[in-house]
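Fold and contact review
Residue strings, one per chain:
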Amino acid sequence: MQYIKNYINGELVEPISKNYIDNYDPSRGNVYSYIPDSDEQDVELAYSAANAAFHEWSNTPKDVRSKYLLKIAELIEKNLDKLALAESLDNGKPLKLAKLVDIPRAAHNFNFYGTGILHYAAHAHSMEDSAINYTLRQAVGVAGCISPWNLPLYLFTWKIAPALAAGCTVVAKPSEITPMTAYLLSEICMEAGLPKGVLNIVHGLGGKVGNAIVSHKNIPLISFTGGTVTGKQIASIAAPMFKKLSLELGGKNPNIIFADCDYEKMLHTTINSSFQNQGQICLCGSRIFVERGLYEKFKNDFVALTKKLVVGAPLDDKTRVGAVVSKPHMEKVLSYIELAQKEGGKILCGGKRKILEGEFAEGYYIEPTVIEGLPYNCRTNQEEIFGPVVTIMPFDTEEEVLSMANSVVYGLASTVWTEHLTRAHRMAANIHAGIVWINCWLMRDLRTPFGGVKASGVGREGGFEAFDFFTEPKNVCIKLK
Ligand code: NDP
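Reading the values: rules and limits
- Residues numbered from 1 in each chain as written.
- Predicted model: local features only at pLDDT ≥ 70, side-chain atom pairs only at ≥ 80, totals over all residues.
- Heavy atoms only, no water.
- Buried < 20%, exposed > 50% of the residue type's maximum accessible area, 1.4 Å probe, protein only.
- Helix = DSSP H or I, 4+ residues; strand = E, 2+ residues; numbered from the N terminus.
- Contact = heavy atoms within 4.5 Å.
- Polar contact = N/O pair within 3.5 Å; in protein donor to acceptor, adjacent residues only side chain to side chain.
- Pairing = 2+ DSSP bridges.
- Axes fitted to C-alpha atoms, helices over the stretch in contact; angles between N-to-C directions.
- Core = buried A, V, L, I, M, F, W, Y, C linked by side-chain atoms within 4.5 Å.
- Domains from an automatic or database assignment.
- Phe/Tyr/Trp six-rings, centres within 6.5 Å; stacked < 30°, edge-to-face > 60°.
- Lys NZ or Arg CZ within 6 Å of the ring centre and 35° of its normal.
- Patch = residues over 30% accessible without salt bridge, like charges linked within 9 Å, V, L, I, M, F, W, Y side chains within 5 Å.
- Areas by Shrake-Rupley, 256 points an atom, 1.4 Å probe, with all protein chains shown as cover.
- Salt bridge = Lys/Arg side-chain N within 4 Å of Asp/Glu carboxyl O.
- Buried area = accessible area lost by both parts, 1.4 Å probe.
- Nonpolar A, V, L, I, M, F, W, Y, C, P; charged D, E, K, R; others polar.
- 1 Å grid on protein atoms, 1.4 Å probe; cavity = no way out; pocket = protein on both sides within 12 Å on 5 of 7 lines; lining within 4 Å.
- Points joined across faces, edges and corners; volume = space filled by probe spheres on them.

**Some points on unusual backbone geometry**
With a phi close to 65°, Phe-386 is a non-glycine residue in the positive phi region. Taking the relative accessible area as the measure of exposure, Phe-386 reaches 14% and is therefore buried. Even without being a glycine, Lys-454 presents a positive backbone phi close to 50°. In this fold, Lys-454 is placed in the loop between β21 (435-438) and β22 (457-458).

**A word on the environment of Asn-6**
Within the fold, Asn-6 resides in strand β2 (residues 6-8). Note: C-alpha distance between Asn-6 and Ser-186 (180 residues apart in sequence) is 8.4 Å. In contact with Asn-6, not counting residues within four places along its chain, are Glu-11, Leu-12, Val-13, Pro-15, Pro-36, Ser-38, Asp-42, Ile-201, Val-202 and His-203. Of the polar contacts made by the side chain of Asn-6, one reaches the side chain of Ser-38; its length is 2.9 Å.

**Section: the sheet that holds strand β6 (residues 124-127)**
The antiparallel open sheet is built from three strands, whose spatial order is β6-β7-β23. Here the strands that pair on one side only, and so sit at the sheet edges, are β6 and β23 (471-479). Each strand of the sheet is rotated relative to its neighbour by a mean of 20°, with strand direction disregarded.

**Side note on the nonpolar core**
The biggest cluster of nonpolar side chains holds 77 residues, and the ones touching the most others in it are Ile-76 and Leu-283. Per element, the largest residue contribution to this core is 11 residues, and it comes from helix α5 (residues 152-166). When we break this core down by domain, the ones giving at least three residues each are domain 1 (2-249 + 455-479) and domain 2 (253-438). Once residues lying within four places of it in the same chain are set aside, the contact partners of Leu-283 are Asn-253, Leu-412, Ala-413, Ile-435, Trp-437, Trp-441, Leu-442 and Phe-450. By size, the runner-up hydrophobic cluster in this structure holds 28 residues, among which are Tyr-295, Phe-302, Ala-313 and Val-370.

**Some details on the packing of aromatic side chains**
Scanning the entire structure with this criterion turns up 15 aromatic pairs. Judged by centre distance (4.9 Å) and plane angle (85°), the rings of Phe-112 and Tyr-113 are edge-to-face. Considering the side-chain rings of Phe-298 and Phe-302, the 5.0 Å spacing of their centres and the 15° angle between planes classify their relative orientation as stacked. Note that Phe-298 and Phe-302 are positioned in helix α10 (residues 292-308) at a spacing of four residues, about one turn of the helix. Exposure remark for Phe-302: the relative accessible area of 0% places this residue in the buried category. Ring pairs connect the aromatic residues Phe-112, Tyr-113, Tyr-120, Trp-158, Phe-450, Phe-464 and Phe-467, which therefore count as one cluster. Over the aromatic face of Trp-158 sits the side chain of Arg-105, whose NZ or CZ is 4.7 Å from the ring centroid. Sitting over the ring of Phe-258, Arg-423 keeps its end group 4.0 Å from the ring centre.

**A few points about a nonpolar patch on the surface**
The grouping of Ile-132, Tyr-134, Leu-136, Ile-478 and Leu-480 at the surface amounts to a nonpolar patch, some 380 Å² of accessible area in total. Broken down by element, the nonpolar patch gets its largest block of residues, three residues, from strand β7 (residues 131-139). Tracing the chain through its elements places Ile-478 in strand β23. The exposure class assigned to Ile-478 is partly exposed, which follows from its relative accessible area of 37%.

**Focus: the domain arrangement of the chain**
The parts lose accessible area when they come together, and the size of an interface is often stated as this lost area. Per the domain assignment, the segments of the chain are domain 1 (2-249 + 455-479) and domain 2 (253-438). Computed from C-alpha atoms alone, the centre-to-centre distance between domain 1 and domain 2 is 31 Å. Taken together, the contact pairs 24 residues of domain 1 with 29 residues of domain 2. When the two sides are added together, the surface that domain 1 and domain 2 hide from each other amounts to roughly 2200 Å², 58% of it contributed by carbon and sulfur. Between Arg-28 and Glu-359 there is a salt bridge, with its nearest N and O atoms 2.8 Å apart. Counting across the domain 1 and domain 2 interface gives 12 residue pairs in polar contact (both at pLDDT 80 or more). Every element with two or more residues in the side of domain 1 that touches domain 2 is listed here: α3 (80-91) and α4 (95-116). Tallied by class, the residues present in the side of domain 1 that touches domain 2 amount to 11 nonpolar, nine polar and four charged.

**Describing empty space enclosed by the protein**
By the definition in use, this model includes five cavities of 30 Å³ or more. In this structure, the largest cavity occupies an estimated 140 Å³ of space. Lining the largest cavity we find 15 residues, and of these Leu-155, Trp-158, Cys-282, Leu-283 and Phe-450 sit closest to its centre. Looking at the lining of the largest cavity, its residues break down into 10 nonpolar, one polar and four charged. The space that makes up the second largest cavity amounts to roughly 110 Å³.

Here it is as structure tokens:
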């Protein structure tokens, strides 16, 4: 069986402890490889390599840094099939989705930031003829980047690419649950000739490796995507050390459907926004509010379409819903379905683990589940489930639906379906969320600010916002007379 290695100082190395952790194939429920159980000693090695590389990398001309990133993008594209297969096996997501979304987006992240840095400019402020101020934008230092398991390579590269483009060197930790494509990325970086120490990838547990990165006294900046509880823990360590922090956390996103919407477009997009990637996208709309006049029709059509979704092995071309990522996660999602019933919810479809045949019988599959009859403020409707489970609720007025939509601690994304122009603008202005999609879902322009409000996070990623994060502005004032 394969043993994954850390990528430190340009080389693939074993963890110092020589200890490994089991890596599961969620589609079959068996161990299929091993990942380093690294600890703070490995993080220290990675930090030393990143620190030694920082001066040269941050002073490397932007166009040279850009070329390395573009080369990495090219190699990701060249290895699309291999990476997509690895992602699907490691995560349980349909291979088709990995090929269509995850891996192309990982390449795009490197392309986007590799070219974006060439256009990034700082400001100058003239004080008429007495002085001029200009802003120097300098790479912050060694960046700590920590990412989750749901979109493994996609989100890992979303952090690493802007950090490297901005001139930071990086110590990164992918999720211990889905390490494989990050490992393959180390091989790609070696093939691209990325100078040693510029990017270092340390595999292992959050409590050990993640914690060692966050609490490292010389890593001045942490970019983290993951759960809100982990984010809070990270903030409590990093804030008193005055680290720069970007926290992209959980969500409980509303999908608000008015009776005047373009019905067919809404219905098919809502199937995707509910169940794509087994509902394990932080941007999925898990609370569906439907204007009362449309409620019964929507309910019948939506449930009928949901029942048709093929739950199956990730490599099967017909599969729309693959395996959820792990056994503990499957159990967590199923426990929320149980809770929903205790809270008075009625299961309209799904509601159970799905047992496939043959070699996939031990895999972690859940039937796509639609629940109705729950109050907006019960736990099922307030807590993040992060699986193929949605609730539907009727509403009567804009004011009512806004207050229900905004009642959660989260504020990441939202979707509004209406053909009423001014209502669309009113809703957009009043929803508590970092992103509002009107008559669409998951349309992403990488130049836009990405992030959440309230317990969904702090800071913004995307476009030049990411470069602002990975650089420190310094004001230089020159007296002219
Ligand atoms: P976790 O918070 O459990 O883990 C995220 C990463 O942090 C993993 O690499 C994890 O390692 C690591 N980690 C865990 N504990 C610590 C610690 N104490 N110190 C430092 N690092 C630690 O999230 P999940 O992986 O379960 O991801 C799902 C969550 O991510 C959901 O809440 C989802 O909404 C959110 N998310 C948010 C997005 C956004 O853009 N806002 C996008 C995608 C997901 P390990 O795997 O070993 O535990």
